[in-house]
Amino acid sequence: MRRMHWAAGLAMMLLAAAPWMAEQAAAGWLSRIAREAAETGGGASLGKVGKLGLGALDNAAAHVAALPKLGKGTALAAHITPEGHWKFANRDGQIFTAATPDELARVSATLAPEAQAGEKLALYLSEDTVFANRTALKDLPVEADLHVVVDKSAYRLRRGATPADVVAEVRPNIVLTLTDRTLFEEAVHRLARPLNRSDIRVLALETGGPRTLSSVPRFDPATKAALVDQVDPSALQQALAGLKGQTAVISGRVEGPALKFRPSKGPEQSLDIAALVQAAEAADVNLVVIGAGASHQPGGRNWLWQRVAVAGLDDALQRATFADFLASLGDGATELMLKASPGSHGRVVLSATPQSASALPLGDTLGEWMGEITGHVAVKTVEVFARDAARERELDSRIVPGIPSGLQIFYLCAVAAGVLSLPVSLGWWSRLWPQERRAEYAGRIGFYAARAVRWLAFIMIFLPVAGMPAFAWTCLLMLRDAITAPFRAFGWLRARLTQPR
């Protein structure tokens, strides 16, 4: 038993030491790189550094190093320090610090001597540079292509007349404002998320329709496309509870705080958007409100018996990411301006508006008339009320849907602790549920079935409950053995010496 305790203890010590060893290894790298950085000094300097230790420049430099080599053009990472000095890094990890316009003019020649005159320069900027020191962008060459690096992605920047006019290009027809760093990161996280067709539910508001929504979408057996779900507008807020963890898409004509919609039968009605947002938040549902040029509902029929569809929505549902979803709603020709703002209870709101009147190609009134005739309703605005990145990551980390990831992690850790302290946990379990005896069962099937139930209960129920206490008791037993080891060794030695020969 004592040997088993020490074996379990050795395994626990190795597991506990792994993070410390990794930290020490990282500390060694950081110390060495810090020494190298100190040796390179300030001003215009060129030094060879490792992959780590570049500080705020590190993420941009790693992105540049991972880019494929361009036939023409040079890609460099860039960051401005709090002192106002620019730091540039090439794909080989060489750094050039520039504090004057003359030094800035020598960046390409120093870090990319093989580049020919007139070649395009692409600068990949750190987030600190774009959000904390955006006014310094005027120091960079006007002809350079600017990008901001967020996590492992880069987004092209469009310069404006003033630093406040700089926007990030997420897609060729989608630009995102740079008002706040946290909101920008939330927005790009949402836009980069994969689009799961089974999680996108397009709703049609129909008076007298179903008052509940199924948690599983319906699909067209021929096209495999998700069908539009009809719901009674008076029960919409309660029905959203059936879509927990999914995304609901509703459309209509937005007039201030109200969403105007026209069922297939009856007059035009309205719903309070704020109340819908609160209901979606309570149900843990992402809500997409499409402000259309007409109030007809998707899937219905207009007065010419034409099927009503929101322009680009069918195509958007087939896209790979949420950014592609919005790009399709913008019909590929209309540029959408995205603005992120904080929502309530940690949620984020994305507002997309067309940059030109081309959302309704022939003008608002005539465009609505054309929509009435053809059944294709043009998109004027899109508002997304979504969970924040932290909540999305928590949902993604769940092994079993519907159970919080923290509880699942605790469960697995408790089971692992019970396995590491198996001698103790097995001893407790045998007292609680003694082993079966073959003589007590008429046949082998019953005997082995009882054993299987006993072991299943041990693993699934007992270990999560008793794992942590068993782990603590094992540690106490090991401590006791360590304290008494010298006395036991002395007793053994004395017994050997006094033993008659």
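Residues numbered from 1 in each chain as written. Predicted model: local features only at pLDDT ≥ 70, side-chain atom pairs only at ≥ 80, totals over all residues. Heavy atoms only, no water.

Draft legend 1. Structural detail: the overall build of the protein chain. Counting its secondary structure elements, the protein chain contains 15 helices and 20 strands. Scored against the burial criterion, the 501 residues of the protein chain give a buried share of 42%. Considering only residue pairs separated by 6 or more positions, the protein chain has 63% of its internal contacts joining residues 24 or more positions apart. Roughly 27300 Å² of accessible area belongs to the protein chain as shown, and the carbon and sulfur atoms make up 61% of that amount. (Helix = DSSP H or I, 4+ residues; strand = E, 2+ residues; numbered from the N terminus. Buried < 20%, exposed > 50% of the residue type's maximum accessible area, 1.4 Å probe, protein only. Contact = heavy atoms within 4.5 Å. Areas by Shrake-Rupley, 256 points an atom, 1.4 Å probe, with all protein chains shown as cover.)

Draft legend 2. Structural context of the environment of Ala417. Considering the arrangement of structural elements, one finds Ala417 in helix H13 (residues 405–420). Once the C-alpha coordinates of Ala417 and Met468 are considered, the two residues, 51 residues apart in sequence, prove to be 5.8 Å apart. With near-sequence residues (within four places) excluded, Ala417 lies in contact with Gly467, Met468 and Phe471.

Draft legend 3. Local environment of the pairing of strand S5 (residues 121–125). The buried count for S5 comes to five of five residues, which makes it a mostly enclosed element. A two-sided burial pattern is seen for S5, the buried positions comprising Leu121, Leu123 and Leu125 on one face and Ala122 and Tyr124 on the other. Pairing geometry for strand S2 (residues 74–80) and S5, over five bridges, is parallel. Following the sheet pairing, Ala78 is matched in S5 by Leu125. One ladder, built from four bridges, connects S5 with strand S6 (residues 145–150); its direction is parallel. Counted as the bridge partner of Tyr124 is His147 from S6. Each parallel crossover has a hand, and the one from S5 via helix H5 (residues 127–132) to S6 is right-handed. (Pairing = 2+ DSSP bridges. Right-handed = clockwise from strand over helix to strand, strands pointing away.)

Draft legend 4. Molecular detail of the layout of surface pockets. Taken as a whole, the largest pocket holds about 550 Å³ of empty space. Broken down by element, the lining of the largest pocket gets its largest block of residues, four residues, from helix H12 (residues 389–396). Split by residue class, the lining of the largest pocket holds six nonpolar, six polar and ten charged. (1 Å grid on protein atoms, 1.4 Å probe; cavity = no way out; pocket = protein on both sides within 12 Å on 5 of 7 lines; lining within 4 Å. Points joined across faces, edges and corners; volume = space filled by probe spheres on them. Nonpolar A, V, L, I, M, F, W, Y, C, P; charged D, E, K, R; others polar.)

Draft legend 5. Layout of a nonpolar patch on the surface. On the surface, Ile399, Val400, Ile403, Leu407, Phe410, Leu412 and Met468 cluster together into a nonpolar patch covering about 640 Å² of accessible area. The leading source of residues in the nonpolar patch is H13, at three residues. With respect to the helices and strands, Phe410 occurs in helix H13. (Patch = residues over 30% accessible without salt bridge, like charges linked within 9 Å, V, L, I, M, F, W, Y side chains within 5 Å. Salt bridge = Lys/Arg side-chain N within 4 Å of Asp/Glu carboxyl O.)

Draft legend 6. Representation of the pattern of salt bridges in the model. Under the criterion given, the structure shown has 21 salt bridges. For Asp128, the salt bridge identified is with Arg181, shortest N-O distance 2.3 Å. Note that Asp128 is positioned in helix H5 and Arg181 in helix H6 (residues 181–192), a separation of 53 residues in sequence. Beyond isolated ion pairs, a larger network of salt bridges with shared partners links Arg190, Arg193, Asp284, Arg387, Arg391, Glu392, Glu394, Asp396 and Arg398.

Draft legend 7. A look at the side chain of Thr321. If you trace the backbone, Thr321 turns up in the loop between helix H9 (313–316) and helix H10 (322–329). Only 3.2 Å separates the side chain of Thr321 from the side chain of Arg171, close enough to count as a polar contact. Of the polar contacts made by the side chain of Thr321, one reaches the side chain of Asp324; its length is 2.9 Å. Non-local contacts of Thr321, meaning those with residues more than four positions away in its chain, are made with Arg171, Leu191, Ala192, Arg193, Pro194 and Leu195. (Polar contact = N/O pair within 3.5 Å; in protein donor to acceptor, adjacent residues only side chain to side chain.)

Draft legend 8. Quick peek at unusual backbone geometry. Phi is positive for Asp151, which is not a glycine, with a value near 55 degrees. Mapped onto the secondary structure, Asp151 falls in the loop between S6 and strand S7 (153–158). Within the chain, His345 stands out as a residue other than glycine whose phi angle is a positive 55 degrees. With respect to the secondary-structure elements, His345 resides in the loop between strand S17 (336–342) and strand S18 (348–354). Here His345 falls in the exposed class, since its relative accessible area comes to 73%.

Draft legend 9. Expanded view of the packing of aromatic side chains. Counted under the stated rule, the structure contains eleven aromatic pairs. Pairing Trp86 with Phe88 gives two aromatic rings, centres 5.9 Å apart and planes at 25 degrees, and the pair type is stacked. Side by side, Trp86 and Phe88 carry an identical accessibility label, which is buried. Clustering of aromatic rings is evident, with ring pairs tying together Trp429, Trp433, Trp455, Phe458 and Phe462. Here Arg190 stacks its cationic end above the ring of Phe322, 5.8 Å away from the centre of that ring. Seen from the ring of Trp455, Arg454 lies directly overhead, with NZ or CZ sitting 5.9 Å from the centre. (Phe/Tyr/Trp six-rings, centres within 6.5 Å; stacked < 30°, edge-to-face > 60°. Lys NZ or Arg CZ within 6 Å of the ring centre and 35° of its normal.)

Draft legend 10. Seen up close, the packing of H13 against helix H15 (residues 444–498). Relative orientation of the contacting elements H13 and H15 amounts to 70 degrees, with a least axis distance of 7 Å. The angle between the axes of H13 and H15 places the two elements in the roughly perpendicular class. Judged by the twist between their axes, the crossing of H13 over H15 is left-handed. In this structure, H13 uses Phe410, Tyr411, Cys413, Ala414, Val415, Ala417, Gly418, Val419 and Leu420 to contact H15, whose residues at the interface are Ile459, Met460, Leu463, Pro464, Gly467, Met468 and Phe471. Of the residues assigned to the contact of H13 with H15, the class counts are 14 nonpolar, two polar and no charged. (Axes fitted to C-alpha atoms, helices over the stretch in contact; angles between N-to-C directions. Parallel < 35°, antiparallel > 145°, perpendicular 65-115°, else oblique. Left-handed = near helix turned anticlockwise from the far one by under 90°.)

Draft legend 11. Quick peek at the packing of helix H14 (residues 422–432) against H15. Relative orientation of the contacting elements H14 and H15 amounts to 125 degrees, with a least axis distance of 7 Å. It follows from the interaxial angle that H14 and H15 lie oblique. Taken as a pair, H14 and H15 cross one another with a handedness that is right-handed. Residues Leu422, Val424, Ser425, Leu426, Trp428, Trp429, Ser430 and Leu432 of H14 touch H15, and the partners they reach there are Arg454, Trp455, Ala457, Phe458, Phe462, Leu463, Ala466, Pro469, Ala470, Trp473, Thr474 and Leu477. Tallied by class, residues from the contact of H14 with H15 come to 16 nonpolar, three polar and one charged.

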